[in-house]
Amino acid sequence: MPRTDHELFFSFDEELVALRNNRWAKAFSAEEESAVDMKATIVIEHIIQAADVAHTMQHWHVYQKWNEKLFEEMSQAYASGRGAAKDPSLSWYQSELWFFDNYVIPLAKKLDECGVFGVCSDESYNYAMENRMEWESKGETIIKEMVLRREEGNLKS
């Protein structure tokens, strides 16, 4: 399967994801005291990952604002020959769904499971799920609107 724009942008590495998942499983299945340091390290790694995509785990309007900024950035890179080989609008809808399903939601679920943020972990997971569902229902229309604004030179900044 060809790599999506999001995979390229976020340098999605399947081996790295598998390594992180294995480390998570090992740390959170261990009952030994030595696992405490490993858990702390892994949770910090996941917090850093979440910080990079935090907009996807917040209110729909926050997600949309930063999604459009990323779209604008990648569109400009494509137009100037610095980006992907194809117009990002052609795969943006599917790429976002893929990104939610394969990166954002699993990450939010792990942060929820470890409980490091208390009630906010559940909130982040719920927002990620809601944003994914809303993107699925509205994303194609939103892309058409963003492309129109791009063509008119009026993408939000």
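Residues numbered from 1 in each chain as written. Predicted model: local features only at pLDDT ≥ 70, side-chain atom pairs only at ≥ 80, totals over all residues. Heavy atoms only, no water.

**Digging into the packing of helix α4 (residues 60–79) against helix α5 (residues 92–114)**
Then, in step 1: Two elements in contact, α4 and α5, have axes separated by 13 Å at closest approach and are oriented at 125°. Taken together, α4 and α5 sit at an angle that is classed as oblique. Along this stretch, α4 crosses α5, giving a crossing that reads as right-handed. Packed against α4, whose contacting residues are Tyr 63, Asn 67, Leu 70, Phe 71 and Met 74, the element α5 presents Trp 92, Glu 96 and Phe 100 at the interface.
Then, in step 2: A class-by-class count of the residues in the contact of α4 with α5 yields six nonpolar, one polar and one charged. (Axes fitted to C-alpha atoms, helices over the stretch in contact; angles between N-to-C directions. Helix = DSSP H or I, 4+ residues; strand = E, 2+ residues; numbered from the N terminus. Parallel < 35°, antiparallel > 145°, perpendicular 65-115°, else oblique. Left-handed = near helix turned anticlockwise from the far one by under 90°. Contact = heavy atoms within 4.5 Å. Nonpolar A, V, L, I, M, F, W, Y, C, P; charged D, E, K, R; others polar.)

**A look at the packing of aromatic side chains**
Then, in step 1: Throughout the structure, instances matching the rule amount to six aromatic pairs.
Then, in step 2: Taken together, a centroid distance of 5.3 Å and an interplanar angle of 10° make the contact between Phe 99 and Tyr 103 stacked. Note that Phe 99 and Tyr 103 are positioned in helix α5 at a spacing of four residues, about one turn of the helix.
Then, in step 3: What makes Tyr 103 buried here is its relative accessible area of 14%.
Then, in step 4: Here the aromatic residues Trp 60, Tyr 63, Tyr 93, Phe 100 and Trp 135 are joined through ring pairs into a cluster of three or more.
Then, in step 5: Across from the ring centre of Trp 66, 5.6 Å away, lies the NZ or CZ of Lys 69, which sits over that ring. (Phe/Tyr/Trp six-rings, centres within 6.5 Å; stacked < 30°, edge-to-face > 60°. Buried < 20%, exposed > 50% of the residue type's maximum accessible area, 1.4 Å probe, protein only. Lys NZ or Arg CZ within 6 Å of the ring centre and 35° of its normal.)

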